[in-house]
Amino acid sequence: MSLIPSIFGGRRTNVFDPFSLDVWDPFEGFLTPSGLANTHAKDVAAFTNAKVDWKETPEAHVFKADLPGLKKEEVKVEVEAGNILQISGERSNENEEKNDKWHRVERSSGKFMRRFKLPENAKMEEIKASMENGVLSVTVPKVPEKKPEVKSIDISG
């Protein structure tokens, strides 16, 4: 037996197991009450699983979030403090039956939240959101750029 698992929390039965993806986290439990270390780790995983793309077009800022398995009723899109776009929601745990034997649990559950500071040219009152096939699309129209007026001057002479 190797000493490494006992030094680093003993979470692996074999350090050299190529299929074991358990990695020692030196910050596990750091600045959290001792009983909440695992809950904290799960919450962090859920927060990071909401992947969001943000692109800017000439007309709008467009956000697309992958939220597979969620219904639109389980997702909130809000504007805070005038210019902070917040996308949040919660993915529920799978119902467990007593006779179920789980081999691997990789899908995260719990709350997630992503926040984005919108630029000054965003029209907050015209934000639209839609959800299709597990992809949330949020469109934030932009205030049209004022182009400087150009006045032609006749040249005499």
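Throughout, a residue's number is its position along its own chain's written sequence, starting from 1. For a predicted model such as this one, the threshold for reporting local features is a pLDDT of at least 70, and the threshold for listing and counting side-chain atom pairs is 80 or more; totals across whole chains, interfaces and linings nevertheless cover every residue. Side-chain metrics rest on all non-hydrogen atoms present in the structure, leaving aside hydrogens and water.

## Quick word on unusual backbone geometry
Now for step 1: Of note, Ala81 is a non-glycine position whose phi angle comes to about 50 degrees, a positive value.
Now for step 2: A positive phi angle, near 55 degrees, is found at Asn133, a position not held by glycine.
Now for step 3: For helices the rule is a DSSP run of H or I covering at least 4 residues; for strands it is a run of E covering at least 2, with both sets numbered from the N terminus onward. Its location among the elements puts Asn133 in the loop between strand S6 (128-132) and strand S7 (135-141).
Now for step 4: Burial classes follow relative accessibility: with a 1.4 Å probe on protein chains only, a residue under 20% of its type's maximum area counts as buried, one over 50% as exposed, and anything between as partly exposed. Note on Asn133: relative accessible area 76%, which makes it exposed.

## Focus: the pattern of salt bridges
Now for step 1: The salt bridge criterion pairs a side-chain nitrogen of Lys or Arg with a carboxyl oxygen of Asp or Glu, the two atoms within 4 Å. Scanning all chains against the criterion turns up three salt bridges.
Now for step 2: The closest approach of N and O atoms between Glu56 and Lys142, which form a salt bridge, is 2.7 Å. Of this pair, Glu56 sits in strand S1 (residues 51-56) while Lys142 sits in the segment after S7; the two residues are 86 residues apart in sequence, bridging distant segments of the chain.
Now for step 3: Exposure remark for Lys142: the relative accessible area of 13% places this residue in the buried category.
Now for step 4: With its nearest N and O atoms 2.3 Å apart, the salt bridge here joins Glu80 to Arg115. With Glu80 in strand S3 (residues 75-80) and Arg115 in strand S5 (residues 110-117), this pair connects stretches of sequence that are 35 residues apart.
Now for step 5: With a relative accessible area of 30%, Glu80 lands in the partly exposed category.
Now for step 6: What makes Arg115 partly exposed here is its relative accessible area of 45%.

## Details of the sheet that holds S3
Now for step 1: When DSSP finds two or more bridges between two strands, those strands count as paired. Read across the sheet, three strands follow the order S3-S4-S5 without closing on themselves; strand pairing throughout is antiparallel. Whereas interior strands pair on both sides, the edge strands pair on one side only; in this sheet they are S3 and S5. On average, adjacent strands in this sheet sit at an angle of 15 degrees to one another, irrespective of strand direction.
Now for step 2: Pairing of strand S4 (residues 84-91) with S5 involves eight bridges; the strand directions are antiparallel. Across the sheet, the residue bridging to Leu85 is Phe116, located in S5. All axes are obtained by fitting lines to C-alpha atoms, using only the stretch in contact for helices, and the reported angles, taken between N-to-C directions, cover 0 to 180 degrees.

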